[in-house]
Amino acid sequence: MNAHRDFPLRRMVAPIVLILFVLGWYRFSGAYIQTDDASLLAHGNYAVYVPVQQVSAYMQAVTWVSYAAVFGGLILLWSGLVSYVEHMERSNHG
Amino acid sequence: MAPPMILEPPFLDSLELVYLMFALSGFILGWVAQRGNYCFVNAMTSVFTTKTYDRFGGLMLLFGLSALVPGLLVAVGVVPSVDQYYFNYFGGWYIVVGAFIFGFGAAIAGGCNLSMLYRAASGYVQNWLELFGMMVGTYIFATLVWPFQLSTMQAGLLSTKAGGYVEYLPYDLFHSVSGASVGATAVLLGVPFILFGVYLQRRTQARFRAMGSVEPVRAAGAGGVVVSRERESTGHGSAVKRAWRVLTLKEAMGTNLATVVLFLDLLLVFIVGAGYTFNYLVITSSDGGRFLEYILMPFGVNLALTTSWYNSSLPIVDTSVLMVIMLIVGAFSASYLSGDFKIRIPRERRRLAIGFGGGILVGLGVRIALGCNVGLMWTNFAQLGYDGLLFLPSMLAGVALAVKVQEHLL
Amino acid sequence: MEKNLQDEVVDLRGECCPIPEMTASKKLRKMTPGQTLVLLTDHQPAVEVTLPALAKTLGYPISIQNEGDVYRVRITKR
């Protein structure tokens, strides 16, 4: 019981938070940034409107980065889980 | 005749790659700043609290390298000069005032924009509140300060009316943007800062040697990990061992190593972003400005349509957005992998309120100054502008005042 | 006499720069020679840089012990 409490659970929770953060960022970018940019064009606000090619380039880069970050997060989560199992085994065997 | 103001991309022909390189740059920035405990504010507070100058010397080295090498790249024609001066800022009273407010707020809150982000990513709750405070401060600036500041900029009241080559030191000194004038300016600006940085570091070390100062005794306790570096004997073997410990995250990066890597990071974006975008490191237009816009978007509030400054000075997205996101990811990764990640809440809860209040001042200060310690001060050295030279002493003065206030608050 | 030489313990967990070094500096100024200031901190830069720098500036011996999630920093005033 104590061994379970001794292991810092943040080692498993933190990668999950990272993955959710990156996924959330990806979904937000797709759902809001593109539509907002179109809205700026419709309102004639050219000072802060960004050309479509740039927004597309941003989205493409976000997609690639999200893949990399999610895979990286999964690796960190896996290593956290392995550490937890090793910790529990060491504690059970004294 | 005025020099041309049309950007010329010298290398990449893919916007996606430009965005990716900025993402990589952000990751490196976050990782190295976290591993090197690199904080501009800490470098300045050390001058007043522990009376040590080695970290401040590291900053001087960073600025000197950032002025010298990009300048020489432009001088030999690798990067066109227009890509160096195109985004130079409008200099004026607001740089001095904003930098002072920023320095004060950052020292009170517990970190400059770079350290705020990497500490937030490492689990410091005070810095999360500083970040939110920064968004609020930016909004206050946009609604209350910007209309007045814009009028002074347009009328040239204690400010120039244009950035670009007007703010470009080679043009100011030699009335030319030729390779020779740019190269000469890079040397004139960069070399003294490098020498000053080396002098400060050597002076600090010499003082410690003269005092016969004792090296810290470090012991492994229950955690089983020996803290950081002992003074090892010189020699190839110990240098290799130290490098391995740094690479495997068992040891923090030294100040000078972090300085060199950060400088190379700046050089990366200077080259790959040239001709496409603001080819320098910028943080606060995203974390202080855009992030509040983005947070409010799902609630149907569009600051880019309704609010001054947001509707005129902040494109809805640019390369800095991805850079800042990856800075957070990089810092988190470094913190997690080195075992440093932990949610940290100050014992004194009032620190959280101080962090938030300081963050408001940070947001206000950076927007008034048109940028922060990274996006304006450090970057402006690479731009061969003079706004960084105005920002530096003003920020230092703000930090000095904050140290006095902190001493009373303790 | 013994009471004056008792360690003074300050818990600075969760605090970041410049609080650890400023707190240490202020406490050390008020302490008597021979007394030891014990700081509990989880702030890496304080342990790596600022507290050792403070101790070096003042010429006081410093020892740092890693106790898992927290570092115990001992500075003895001379």
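Note that the structure is predicted; figures quoted are calculated from it, not measured. (Residues numbered from 1 in each chain as written. Chains lettered and ligands numbered in written order. Predicted model: local features only at pLDDT ≥ 70, side-chain atom pairs only at ≥ 80, totals over all residues.)

**Here's the deal with the overall build of chain A**
Tallying secondary structure elements over chain A gives three helices and zero strands in all. Relative to the compact-globule value of 12 Å for 94 residues, chain A shows a C-alpha radius of gyration of 21 Å, a clear excess of over 25%. The principal-axis extents of the C-alpha atoms in chain A amount to approximately 70 × 20 × 15 Å. For chain A, with 94 residues in total, the buried portion stands at 26%. In chain A, once contacts between residues fewer than 6 apart in sequence are set aside, the share between residues at least 24 apart is 80%. (Helix = DSSP H or I, 4+ residues; strand = E, 2+ residues; numbered from the N terminus. Rg over C-alpha atoms; globule rule 2.2 N^0.38 Å. Buried ≥ 20, exposed ≤ 12 C-beta atoms within 10 Å, placed from the backbone. Contact = placed C-beta atoms within 7 Å.)

**Quick look at the arrangement of the chains**
Pairwise contact counts over the two pairs of chains in contact peak for chains B and C. Across the gap from chain A to chain C, with no contact made, the nearest C-alpha atoms are 10 Å apart.

**Section: the interface of chain A and chain B**
Frequently, the measure chosen for interface size is the accessible area that the parts lose on association. Chain A puts 28 residues into the contact, and the matching count from chain B is 26 residues. Among the secondary structure elements, those contributing two or more residues to the side of chain A that touches chain B are helix 2 (10-42) and helix 3 (52-92) of chain A. For the side of chain A that touches chain B, the leading source of residues is helix 3 of chain A, giving twelve residues. Its residues placed into classes, the side of chain A that touches chain B shows 19 nonpolar, six polar and three charged. (Nonpolar A, V, L, I, M, F, W, Y, C, P; charged D, E, K, R; others polar.)

**Observations concerning the nonpolar core**
Residue and element names in this part refer to chain B. One finds Tyr-19, Ala-23, Leu-117, Leu-322, Ala-331 and Ala-369 to be the most contacted residues of the largest nonpolar core, which totals 177 residues. Per-element tally for this core: the top contributor is helix 14 (residues 319-337), with 13 residues. Here Leu-117 is in contact with Gly-30, Ile-283, Asp-287, Leu-327, Ile-328 and Ala-331, once residues within four sequence places are set aside. (Core = buried A, V, L, I, M, F, W, Y, C linked by C-beta atoms within 7 Å.)

**Topic: the pairing of strand 1 (residues 8-11) of chain C**
Two faces, one strand: in a regular strand the side chains alternate between the faces of the sheet. All names here are of chain C. Pairing between strand 1 and strand 2 (residues 36-41): four bridges, direction parallel. Its bridge partner being in strand 2, Val-10 is matched across the sheet by Leu-39. In the classification by handedness, the crossover that spans strand 1, the intervening helix 1 (residues 19-30) and the parallel strand 2 is right-handed. (Pairing = 2+ DSSP bridges. Right-handed = clockwise from strand over helix to strand, strands pointing away.)

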